[in-house]
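A structural walkthrough
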Amino acid sequence: MAVAVEMLNISKFYPGVVASDNVSLSVNEGEILGLIGENGAGKSTMMNMLYGMTEPDLGEIRLFGNQVRIQSPDTAIKHGIGMVHQHFMLMPNLSVLQNIILGKTPTKSGLIDIRKAKAQIEEIMETYNLPVDLDMKIYQLSVGEKQRVEIIKALYREAKILIMDEPTAVLTPQETDKLLGVLRKLKEQGCAIIFITHKLREVMAITDKIVVMRKGVVTGTLPTSEADTDTLSGLMVGRKVNLDIPRADYAPGETVLEVKDLHANNQRGLPALNGVSFSVSKGEIVGIAGVEGNGQTELIETVSGMLNPTGGHVFLSGKDVTKESVRQRREEGMSHIPEDRLGMGTAVNCSIRDNLILNRYYQKPYCSKGILNNRKLHNLSEELCVDFGVKTPDSTYRLGTLSGGNMQKVVFAREMEADPEFLIAAQPTRGVDIGAIEAIYHKIIEVRDSGRGILLVSAELDEILTLADRILVMYEGEIVAEFRRGEADERTIGIYMTGAKRQGGESHEA
């Protein structure tokens, strides 16, 4: 097979940061390259240069043996490069169909040929089992559905070189298996694939060779057949990582959150929660498992105060907070790590410091008579960056300069600094490297062991199984199963997530 991509001696510099330092990698036609490393290691920077979102300061890029200069994504697309971004590059007010055909619009008699476009896209969706409503607006979709749109968009453009940046972050094990099947089909067709992920099991399962980056340099390049998870994690973070975090014995205390017969509608005005009831106790982690789009987002938004329910009640430490605002709930001991860090968890054009102090800027000793104490706020933000491993020269840098995983660390640091009695952790490790995952797991267990309650919502079933004391499974806005820690594995829970079964032996259709 011919060499599809060569990135030779690539360097990229930002003020105070070396994003990539003399990095070289290559991938052949019909080959899957795994690109792994810590957050801020330079993986996304390398791929952004290949996709034309930024240019290297040093080095050269060759495609099929020819040196090229890729100055924009449009240039990359014309060269046959497609990219599924970790942070979705979608127009929220346009339909799914309009987003997919942007840049490759079929026409007939000078007009957009909607029928032809739909036929081509529907064939892709059927072939690769990636269903999505083409007429819906992007803002109406769940995170998982947006991910599908990104994948379909790349396939629609018939990319010969496909970059996948954390493509399975929002998928169930069954959906992940299907996606890996898609990648194998594309590989058989000669597509060159660069697969960025923090999930080492997936790297081992799907790739042909692996490049490991740390702090902007390559620390290892090896065939997948010669790799194992311990070796890879060592190359990534420089030490062995242990995600089996010790915890105190399960001894739940008083109820800190109680949800009673909760009903709510989604953004389209359709029922999303259909009589959900459960509780979370102090000293307990309750995990919510489910395929994206089955009510988890609406549940989080209703409990946190972002969405008004159409029925039912939310109680925090025995107090009915159903009609209270987000700030009132936060001041009464609730913190929230949102699933969409860009859409609702951060302000990317503001500084890291400003994002870290959103909980504190109006409170003493950081504010007096409406005047901010900038010295104390700066000291607080610098301490949080150090404590939570946010990789930045200074907290005054714009948040948007950070990698996705480092943005997540900022959100986590802010919410944990509030010292909550009850924590909503929605996708807390999405896009975070294995070393940071270990640190976040430690923090979550620490909160639990200190007698606080945690509601954990995650698309990562292994994360739910690792952390949760009780697991609730949601399907179509209802809780269809409940398990205690150790009672079920990923496959068992996955069956309930698809609606094929409910506890009591009934199928969803029954």
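**Some words on the pattern of salt bridges**
Using the criterion set out here, one finds 26 salt bridges in the structure. R330 is the partner of E415 in a salt bridge, and the nearest nitrogen-oxygen pair spans 2.6 Å. Of this pair, E415 sits in helix α14 (residues 404–417) while R330 sits in helix α10 (residues 326–331), and the two are 85 residues apart along the sequence. Residue classification places R330 among the partly exposed positions, given a relative accessible area of 26%.

**Quick word on the environment of A468**
Position of A468 among the secondary structure elements: in the loop between α16 (461–467) and β23 (470–475). Given the relative accessible area of 0%, A468 is considered buried. For the pair formed by A468 and L130, sequence separation is 338 residues and the distance between their alpha carbons is 30 Å. Excluding anything up to four places from it in sequence, A468 contacts R247, I285, G287 and R485.

**Details of the side chain of R414**
By the element assignment, R414 lies in helix α14. Here the side chain of R414 touches N355 through a polar contact of 3.2 Å, landing on its backbone oxygen. Residues contacting R414, with those up to four places away along its chain left out, are G345, N355, L356, L358 and N359.

**Let's talk about the side chain of D165**
Counting through the fold element by element, D165 comes out in strand β9 (residues 161–165). Within polar-contact distance, the side chain of D165 engages the side chain of S44 at 3.3 Å.

**Description of the environment of G333**
The topology assignment puts G333 in the loop between α10 and β18 (334–337). Taking the C-alpha atoms as reference points, G333 and V256, 77 residues apart in sequence, are found 9.8 Å from one another. Beyond its immediate sequence surroundings of up to four residues, G333 is in contact with P420, E421 and F422.

**Examining the sheet that holds strand β13 (residues 255–265)**
Paired through backbone hydrogen bonds, the strands of a sheet run either parallel or antiparallel to each other. Read from one edge to the other, the open sheet built from four strands follows the order β14-β13-β16-β17, with strand pairing classed as antiparallel. Each end of this open sheet is capped by a strand with a single partner; those strands are β14 (271–281) and β17 (319–320). Where strand β16 (residues 311–316) lies against β17, two bridges are found, and the strand directions are antiparallel. Residue pairing across strands places F315 opposite D320, the latter belonging to β17.

**Regarding the packing of aromatic side chains**
Tallied over the entire structure, the rule returns three aromatic pairs. Note on Y361 and Y362: the rings are 5.2 Å apart at their centroids and 75° apart in plane angle, and the pair reads as edge-to-face. For Y361, a relative accessible area of 33% puts it in the partly exposed group. Above the plane of the ring of Y156 lies K104, whose end atom (NZ or CZ) is 5.0 Å from the centre. Stacked on the ring of F388, the Lys or Arg K443 has its end atom at 4.8 Å from the ring centre.

**Quick look at helix α4 (residues 114–128)**
An ideal rise of 1.5 Å per residue puts 21 Å on 15 residues; α4 measures up with 21 Å between its terminal C-alpha atoms. Taken together, the buried positions of α4 are A117, I121, I124, M125 and Y128. The arc that holds every buried residue of α4, seen down its axis, measures 95°, which confines them to one face. Exposed residues pointing more than 90 degrees away from the buried face of α4 are listed as R115, E123 and E126. Positive backbone phi, at 55°, marks N129, one or two positions downstream of α4.

**Focus: the confidence of the model for the protein chain**
This prediction gives the protein chain a mean pLDDT of 88; 97% of its residues lie at or above 70. Looking across the protein chain, the model is least confident in helix α11 (residues 341–345), with a mean pLDDT of 79, and most confident in β16, with 97.

**Describing the state of the cysteines**
Here the structure, examined in full by the defined rule, presents zero disulfides. Here C350 is not disulfide-linked; the sulfur of C385 is the nearest cysteine sulfur, at 15 Å. Classification of C350 as partly exposed rests on a relative accessible area of 35%.

Parameters and conventions
- Residues numbered from 1 in each chain as written.
- Predicted model: local features only at pLDDT ≥ 70, side-chain atom pairs only at ≥ 80, totals over all residues.
- Heavy atoms only, no water.
- Salt bridge = Lys/Arg side-chain N within 4 Å of Asp/Glu carboxyl O.
- Helix = DSSP H or I, 4+ residues; strand = E, 2+ residues; numbered from the N terminus.
- Buried < 20%, exposed > 50% of the residue type's maximum accessible area, 1.4 Å probe, protein only.
- Contact = heavy atoms within 4.5 Å.
- Polar contact = N/O pair within 3.5 Å; in protein donor to acceptor, adjacent residues only side chain to side chain.
- Pairing = 2+ DSSP bridges.
- Phe/Tyr/Trp six-rings, centres within 6.5 Å; stacked < 30°, edge-to-face > 60°.
- Lys NZ or Arg CZ within 6 Å of the ring centre and 35° of its normal.
- Expected span 1.5 Å × (residues − 1).
- Arc of directions from axis to C-beta.
- pLDDT = per-residue confidence, 0-100.
- Disulfide = S-S within 2.5 Å.

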